[in-house]
Amino acid sequence: MHKKTLIQVFLILLIIIIFLLSYLKYFKEPATNSNQIVLSEKVDDKKKDESNSIQNINYTSLDVNGNKYEISALQAVISDEDPNSMYLESVVAYIYLKDSNIIKITSDYGNYNLRNYDTIFKEKVTIIYPEHKITGEYLDFSLLNNLGTISENVVYNGKKTSLFADKIEIDLITSDAKIFMNDKAKTVLIKGTN
(Lines give C-alpha, C1' and ligand atoms only; values in the text may rest on other atoms or scores of the structure.)
Protein backbone atom coordinates (compact mmCIF):
# COMPACT_ATOMS: atom_id res chain seq x y z
CA MET A 1 0.00 0.00 0.00
CA HIS A 2 2.85 2.38 0.77
CA LYS A 3 4.28 1.87 -2.72
CA LYS A 4 0.89 2.61 -4.32
CA THR A 5 0.62 5.94 -2.44
CA LEU A 6 4.08 7.01 -3.59
CA ILE A 7 3.20 6.27 -7.21
CA GLN A 8 -0.01 8.31 -6.90
CA VAL A 9 1.84 11.27 -5.36
CA PHE A 10 4.48 11.05 -8.09
CA LEU A 11 1.81 11.04 -10.83
CA ILE A 12 -0.01 14.01 -9.27
CA LEU A 13 3.26 15.97 -9.06
CA LEU A 14 4.07 15.07 -12.67
CA ILE A 15 0.65 16.33 -13.82
CA ILE A 16 1.11 19.56 -11.87
CA ILE A 17 4.58 20.12 -13.37
CA ILE A 18 3.31 19.49 -16.91
CA PHE A 19 0.41 21.85 -16.32
CA LEU A 20 2.71 24.61 -14.98
CA LEU A 21 5.17 24.24 -17.86
CA SER A 22 2.32 24.39 -20.38
CA TYR A 23 0.88 27.47 -18.70
CA LEU A 24 4.25 29.27 -18.64
CA LYS A 25 5.01 28.41 -22.23
CA TYR A 26 1.66 29.13 -23.87
CA PHE A 27 -0.36 31.45 -21.67
CA LYS A 28 1.82 33.64 -19.49
CA GLU A 29 2.77 37.08 -20.87
CA PRO A 30 6.52 37.69 -21.08
CA ALA A 31 8.02 40.22 -18.67
CA THR A 32 8.22 43.73 -20.06
CA ASN A 33 11.70 44.85 -20.99
CA SER A 34 12.47 48.57 -20.68
CA ASN A 35 13.74 48.60 -24.29
CA GLN A 36 10.80 46.66 -25.64
CA ILE A 37 8.43 48.09 -28.23
CA VAL A 38 4.75 47.38 -27.74
CA LEU A 39 2.96 46.26 -30.88
CA SER A 40 -0.74 46.11 -31.52
CA GLU A 41 -2.36 44.65 -34.58
CA LYS A 42 -5.71 45.49 -36.09
CA VAL A 43 -6.98 43.38 -38.94
CA ASP A 44 -10.46 43.78 -40.38
CA ASP A 45 -12.60 40.77 -39.50
CA LYS A 46 -13.14 38.16 -42.22
CA LYS A 47 -10.12 39.45 -44.14
CA LYS A 48 -7.57 36.68 -43.74
CA ASP A 49 -7.81 33.88 -46.27
CA GLU A 50 -6.04 30.58 -46.71
CA SER A 51 -3.16 32.00 -48.79
CA ASN A 52 -1.41 34.15 -46.11
CA SER A 53 -2.97 37.29 -47.59
CA ILE A 54 -4.54 39.91 -45.35
CA GLN A 55 -6.63 42.88 -46.49
CA ASN A 56 -6.61 46.32 -44.79
CA ILE A 57 -3.93 45.70 -42.20
CA ASN A 58 -2.83 48.21 -39.56
CA TYR A 59 0.07 47.87 -37.09
CA THR A 60 0.93 50.29 -34.29
CA SER A 61 4.13 50.21 -32.27
CA LEU A 62 5.32 52.41 -29.44
CA ASP A 63 8.88 52.68 -28.15
CA VAL A 64 9.98 53.41 -24.59
CA ASN A 65 10.65 57.06 -25.48
CA GLY A 66 7.00 57.63 -26.40
CA ASN A 67 7.52 57.64 -30.17
CA LYS A 68 4.66 55.99 -32.04
CA TYR A 69 4.78 54.27 -35.44
CA GLU A 70 1.66 53.32 -37.37
CA ILE A 71 1.72 51.46 -40.65
CA SER A 72 -1.20 50.33 -42.77
CA ALA A 73 -1.59 48.67 -46.14
CA LEU A 74 -4.44 47.68 -48.39
CA GLN A 75 -2.96 44.21 -48.68
CA ALA A 76 -0.27 42.22 -46.87
CA VAL A 77 1.12 38.80 -47.67
CA ILE A 78 2.97 36.88 -44.96
CA SER A 79 6.24 35.43 -46.21
CA ASP A 80 6.37 31.64 -46.46
CA GLU A 81 10.08 31.66 -45.54
CA ASP A 82 9.81 34.03 -42.56
CA PRO A 83 6.43 34.40 -40.78
CA ASN A 84 7.70 37.65 -39.20
CA SER A 85 8.06 39.28 -42.63
CA MET A 86 5.16 40.77 -44.59
CA TYR A 87 5.00 42.08 -48.14
CA LEU A 88 2.75 45.15 -48.33
CA GLU A 89 0.85 46.98 -51.08
CA SER A 90 -0.42 50.60 -50.99
CA VAL A 91 1.47 51.48 -47.84
CA VAL A 92 0.85 54.49 -45.56
CA ALA A 93 2.86 55.07 -42.38
CA TYR A 94 2.85 57.77 -39.73
CA ILE A 95 5.66 58.49 -37.30
CA TYR A 96 4.62 60.44 -34.21
CA LEU A 97 7.83 61.64 -32.59
CA LYS A 98 7.44 62.77 -29.01
CA ASP A 99 7.55 66.58 -28.81
CA SER A 100 7.91 66.88 -32.61
CA ASN A 101 5.96 66.94 -35.86
CA ILE A 102 4.19 64.06 -37.53
CA ILE A 103 5.95 62.40 -40.48
CA LYS A 104 3.87 60.70 -43.18
CA ILE A 105 5.37 58.08 -45.52
CA THR A 106 3.61 56.54 -48.51
CA SER A 107 4.73 53.99 -51.11
CA ASP A 108 3.32 51.50 -53.59
CA TYR A 109 4.99 48.51 -51.92
CA GLY A 110 6.83 47.61 -48.74
CA ASN A 111 8.29 44.93 -46.51
CA TYR A 112 7.49 45.01 -42.79
CA ASN A 113 9.32 42.98 -40.14
CA LEU A 114 7.10 42.08 -37.19
CA ARG A 115 10.07 41.19 -35.00
CA ASN A 116 12.12 44.42 -35.17
CA TYR A 117 9.57 46.73 -36.90
CA ASP A 118 12.01 47.64 -39.69
CA THR A 119 10.22 48.67 -42.86
CA ILE A 120 11.35 48.91 -46.46
CA PHE A 121 9.22 51.18 -48.64
CA LYS A 122 9.48 50.66 -52.42
CA GLU A 123 8.35 52.53 -55.52
CA LYS A 124 6.94 56.06 -55.46
CA VAL A 125 8.10 56.68 -51.89
CA THR A 126 7.03 60.04 -50.44
CA ILE A 127 8.02 61.44 -47.05
CA ILE A 128 6.06 64.50 -45.90
CA TYR A 129 6.55 66.61 -42.79
CA PRO A 130 5.88 70.33 -42.25
CA GLU A 131 7.47 72.40 -45.04
CA HIS A 132 9.45 69.39 -46.34
CA LYS A 133 8.79 66.71 -48.94
CA ILE A 134 11.19 64.00 -50.07
CA THR A 135 10.49 61.55 -52.88
CA GLY A 136 12.45 58.54 -54.08
CA GLU A 137 12.11 54.89 -54.99
CA TYR A 138 13.47 53.09 -51.92
CA LEU A 139 13.34 53.88 -48.18
CA ASP A 140 14.92 51.70 -45.50
CA PHE A 141 13.41 52.72 -42.14
CA SER A 142 14.37 51.46 -38.67
CA LEU A 143 12.16 52.47 -35.73
CA LEU A 144 14.63 51.05 -33.20
CA ASN A 145 17.48 53.16 -34.64
CA ASN A 146 15.24 56.13 -35.56
CA LEU A 147 16.99 56.22 -38.93
CA GLY A 148 15.66 56.40 -42.46
CA THR A 149 17.68 56.11 -45.67
CA ILE A 150 15.95 57.08 -48.90
CA SER A 151 17.62 56.36 -52.23
CA GLU A 152 17.16 56.13 -56.00
CA ASN A 153 16.08 59.36 -57.74
CA VAL A 154 15.83 61.35 -54.51
CA VAL A 155 14.22 64.78 -54.73
CA TYR A 156 13.90 67.05 -51.69
CA ASN A 157 11.58 70.06 -51.79
CA GLY A 158 11.73 72.55 -48.95
CA LYS A 159 10.30 75.99 -48.44
CA LYS A 160 13.00 77.70 -50.52
CA THR A 161 15.17 74.85 -51.81
CA SER A 162 14.99 71.86 -54.11
CA LEU A 163 17.69 69.22 -53.99
CA PHE A 164 18.50 66.23 -56.21
CA ALA A 165 20.68 63.40 -54.86
CA ASP A 166 21.22 59.65 -54.89
CA LYS A 167 20.73 59.06 -51.17
CA ILE A 168 19.67 60.91 -48.00
CA GLU A 169 20.07 59.51 -44.48
CA ILE A 170 17.82 61.11 -41.86
CA ASP A 171 18.11 60.78 -38.08
CA LEU A 172 14.53 61.22 -36.88
CA ILE A 173 15.49 62.25 -33.35
CA THR A 174 18.03 64.97 -34.19
CA SER A 175 16.65 65.76 -37.68
CA ASP A 176 20.23 65.59 -38.97
CA ALA A 177 20.51 64.59 -42.62
CA LYS A 178 23.42 63.32 -44.70
CA ILE A 179 23.17 63.74 -48.47
CA PHE A 180 25.14 61.53 -50.86
CA MET A 181 25.86 60.85 -54.51
CA ASN A 182 26.80 57.28 -55.42
CA ASP A 183 29.40 58.51 -57.93
CA LYS A 184 32.03 60.63 -56.14
CA ALA A 185 32.60 62.59 -59.39
CA LYS A 186 29.00 63.85 -59.33
CA THR A 187 27.69 66.51 -56.97
CA VAL A 188 24.36 67.09 -55.30
CA LEU A 189 22.23 69.50 -57.35
CA ILE A 190 20.62 72.27 -55.29
CA LYS A 191 18.14 74.79 -56.73
CA GLY A 192 16.73 77.78 -54.91
CA THR A 193 13.02 78.52 -55.31
CA ASN A 194 11.07 81.69 -54.76
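Look above for the structure.
Now for a quick tour of the structure. (Residues numbered from 1 in each chain as written. Predicted model: local features only at pLDDT ≥ 70, side-chain atom pairs only at ≥ 80, totals over all residues. Heavy atoms only, no water.)

Comments concerning the environment of L144
Here is step 1 of the chain: Along the polypeptide, L144 turns up in the loop between β7 (132–142) and β8 (147–157).
Here is step 2 of the chain: With a relative accessible area of 48%, L144 lands in the partly exposed category.
Here is step 3 of the chain: For the pair L144 and D63, spaced 81 residues apart in sequence, the C-alpha to C-alpha distance is 7.8 Å. (Helix = DSSP H or I, 4+ residues; strand = E, 2+ residues; numbered from the N terminus. Buried < 20%, exposed > 50% of the residue type's maximum accessible area, 1.4 Å probe, protein only.)

What to know about empty space enclosed by the protein
Here is step 1 of the chain: Under the counting rule described, the total for this entry stands at one cavity of 30 Å³ or more.
Here is step 2 of the chain: Put simply, the largest cavity is a space of about 90 Å³.
Here is step 3 of the chain: Around the largest cavity, the lining residues are I95, I103, I105, I127, Y129, L139, F141, G148, I170 and L172.
Here is step 4 of the chain: Mapped onto the lining of the largest cavity, the elements with two or more residues apiece are β5 (102–113), β6 (119–129) and β7.
Here is step 5 of the chain: The residue inventory of the lining of the largest cavity, partitioned by class, reads nine nonpolar, one polar and no charged. (1 Å grid on protein atoms, 1.4 Å probe; cavity = no way out; pocket = protein on both sides within 12 Å on 5 of 7 lines; lining within 4 Å. Points joined across faces, edges and corners; volume = space filled by probe spheres on them. Nonpolar A, V, L, I, M, F, W, Y, C, P; charged D, E, K, R; others polar.)

Here we look at the layout of surface pockets
Here is step 1 of the chain: In this structure, the largest pocket spans a volume of roughly 290 Å³.
Here is step 2 of the chain: Every residue lining the largest pocket is counted, 18 residues in all, and those nearest its centre are Y129, H132, I134, I170 and S175.
Here is step 3 of the chain: Mapped onto the lining of the largest pocket, the elements with two or more residues apiece are β7, β9 (161–171) and β10 (177–180).
Here is step 4 of the chain: Element by element, the count of residues in the lining of the largest pocket is highest for β9, at five residues.
Here is step 5 of the chain: Looking at side-chain class alone, the lining of the largest pocket contains twelve nonpolar, five polar and one charged residues.

Considerations on the pairing of β9
Here is step 1 of the chain: Where β8 lies against β9, nine bridges are found, and the strand directions are antiparallel. Its bridge partner being in β9, Y156 is matched across the sheet by L163.
Here is step 2 of the chain: Remark: three residues form the turn of the hairpin made by β8 and β9, two consecutive strands paired antiparallel.
Here is step 3 of the chain: Sheet topology note: the β9/strand β11 (residues 189–192) ladder contains four bridges and is antiparallel. If you follow L163 over to β11, its bridge partner there is I190.
Here is step 4 of the chain: Between β9 and β10, which pair antiparallel one after the other, the connecting turn spans five residues, and S175 there sits at a positive phi close to 65°. (Pairing = 2+ DSSP bridges.)

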